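Architecture and fold: a report
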Amino acid sequence: MVAVAELWETLTHAIHSYTGLSPAAFFTAIAVAAAIYHLVASFLAPPPPPPRNRDFVPEESEPLPPPVQLGEISEEELKAYDGSDPKKPLLMAIKGQIYDVTQSRMFYGLGGPYALFAGRDASRALAKMSFEPQDLTSDISGLGPFELDALQDWEYKFMSKYVKVGSIKKEVESEKAADVSSSATESAPESHADVAETTTKTEVEPKETDLGEKGEDVKEHKEHVPADATKEE
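Now for a quick tour of the structure. (Residues numbered from 1 in each chain as written. Predicted model: local features only at pLDDT ≥ 70, side-chain atom pairs only at ≥ 80, totals over all residues. Heavy atoms only, no water.)

**A word on the overall build of the chain**
On a plain count of helices and strands, the chain comes out with eight helices and four strands. Taken across its 233 residues, the chain has 19% of its residues classed as buried. Long-range contacts, defined as pairs at least 24 residues apart, comprise 54% of the intrachain contacts of the chain with a sequence gap of at least 6. (Helix = DSSP H or I, 4+ residues; strand = E, 2+ residues; numbered from the N terminus. Buried < 20%, exposed > 50% of the residue type's maximum accessible area, 1.4 Å probe, protein only. Contact = heavy atoms within 4.5 Å.)

**Section: the layout of surface pockets**
In this structure, the second largest pocket encloses a volume near 250 Å³. Contributing to the lining of the second largest pocket are 17 residues, with Leu64, Pro65, Pro67, Asp100 and Thr102 lying nearest its centre. (1 Å grid on protein atoms, 1.4 Å probe; cavity = no way out; pocket = protein on both sides within 12 Å on 5 of 7 lines; lining within 4 Å. Points joined across faces, edges and corners; volume = space filled by probe spheres on them.)

**Some words on the environment of His16**
Secondary-structure assignment places His16 in helix H1 (residues 2–19). Between the C-alpha atom of His16 and that of Phe26, which follows or precedes it by ten residues, the distance is 8.9 Å.

**Examining the pairing of strand S4 (residues 163–168)**
Successive residues of a regular strand alternate their side chains across the two faces of the sheet. Relative to S4, strand S1 (residues 71–73) is paired through three bridges, and the arrangement is parallel. Across the sheet, residue Glu72 finds its bridge partner in S4, namely Ser167. (Pairing = 2+ DSSP bridges.)

**So, a nonpolar patch on the surface**
On the surface, Val32, Ile36, Leu39, Val40, Phe43 and Leu44 cluster together to form a nonpolar patch covering roughly 650 Å² of accessible area. Tracing the backbone shows Leu39 in helix H2 (residues 23–44). (Patch = residues over 30% accessible without salt bridge, like charges linked within 9 Å, V, L, I, M, F, W, Y side chains within 5 Å. Areas by Shrake-Rupley, 256 points an atom, 1.4 Å probe, with all protein chains shown as cover. Salt bridge = Lys/Arg side-chain N within 4 Å of Asp/Glu carboxyl O.)

**Here's the deal with H1**
If you check H1, its first and last C-alpha atoms are 26 Å apart, about what 18 residues at 1.5 Å a residue would give, namely 26 Å. The element H1 is barely covered by neighbouring structure, given that only one of its 18 residues are classed as buried. Of the residues one or two after H1, Gly20 is the one with positive phi, at around 75 degrees. (Expected span 1.5 Å × (residues − 1).)

**Description of the packing of H1 against H2**
Where H1 contacts H2, the two axes come as close as 9 Å, and the packing angle between them is 70 degrees. When the axis of H1 is compared with that of H2, the two are roughly perpendicular. Residue-level contacts link Trp8, Leu11, Thr12, Ile15 and Thr19 of H1 to Pro23, Phe26 and Phe27 of H2. In the contact of H1 with H2, the residues fall into six nonpolar, two polar and no charged. (Axes fitted to C-alpha atoms, helices over the stretch in contact; angles between N-to-C directions. Parallel < 35°, antiparallel > 145°, perpendicular 65-115°, else oblique. Nonpolar A, V, L, I, M, F, W, Y, C, P; charged D, E, K, R; others polar.)

**Re the pairing of strand S2 (residues 91–94)**
Burial along S2 is two-sided: Leu91 and Ala93 facing one way and Met92 and Ile94 facing the other are all buried. Where S2 meets strand S3 (residues 97–100), four bridges bridge the pair, whose relative direction is antiparallel. When the sheet's bridge partners are listed, Met92 is paired in S3 with Tyr99. Remark: two residues form the turn of the hairpin made by S2 and S3, two consecutive strands paired antiparallel; Lys95 in that turn has positive phi of roughly 55 degrees.

**Quick word on the sheet that holds S2**
Strand order in the open sheet made by the four strands is S1-S4-S3-S2, with mixed pairing throughout. Two strands close off the open sheet at either side, each with one partner strand: S1 and S2. Going from strand to strand, the sheet's axes swing by 40 degrees on average, the running direction of each strand aside. Here S3 runs beside S4; their pairing, made up of four bridges, is antiparallel. From the neighbouring strand, Tyr99 faces S4, where its bridge partner is Lys164. Across the sheet, helix H6 (residues 145–161) touches S2 and S3, and the angle it forms with S2 is around 135 degrees.

Here it is, written out as structure tokens:
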């Protein structure tokens, strides 16, 4: 008991020395501060999570269909696979090679950060990391070495991550073939006209020759006519 009394007296003296309060006032202030702290903390604390339903079974995502090989298609046909139709695969081309990027629909699908690249060959935009409409093309002419290296990195990434399903038709060759056929068609009437003109000239020339021969025959006939016959006339 003596020890407890001495401890209480020492504590009372220390409280009065450091705070200037009596022991009763000091402990009352501590109790009030603790109550305020718990009250404020109760308002700022996040709400408790809802009770977990043990009967809930999460829905399993449907597996992606296997990539379908399309072969060689045009850039216009590739636009049908831009993600606007969820039933179709999501395709994207780089340097003329088409890849199935359906598994990354969150990036290349509608609303994704790279949705502008889907359904087209955007090699130039990938090389320049540009989202400008004029760069959404397969034309990579005029690019610098650093841009070509960046495009090569994109191609390696696509080759290692996605399945190649086709390629884009080279429209340059088809345009050349069309130009050749149109040129041949235009030159054909000219050739026919030249042949007709040559034939006409050939037919006319023999007539002039015949007339010349007839004239010579008449001249020779007059020379051989006897002089007496001429006098009788």
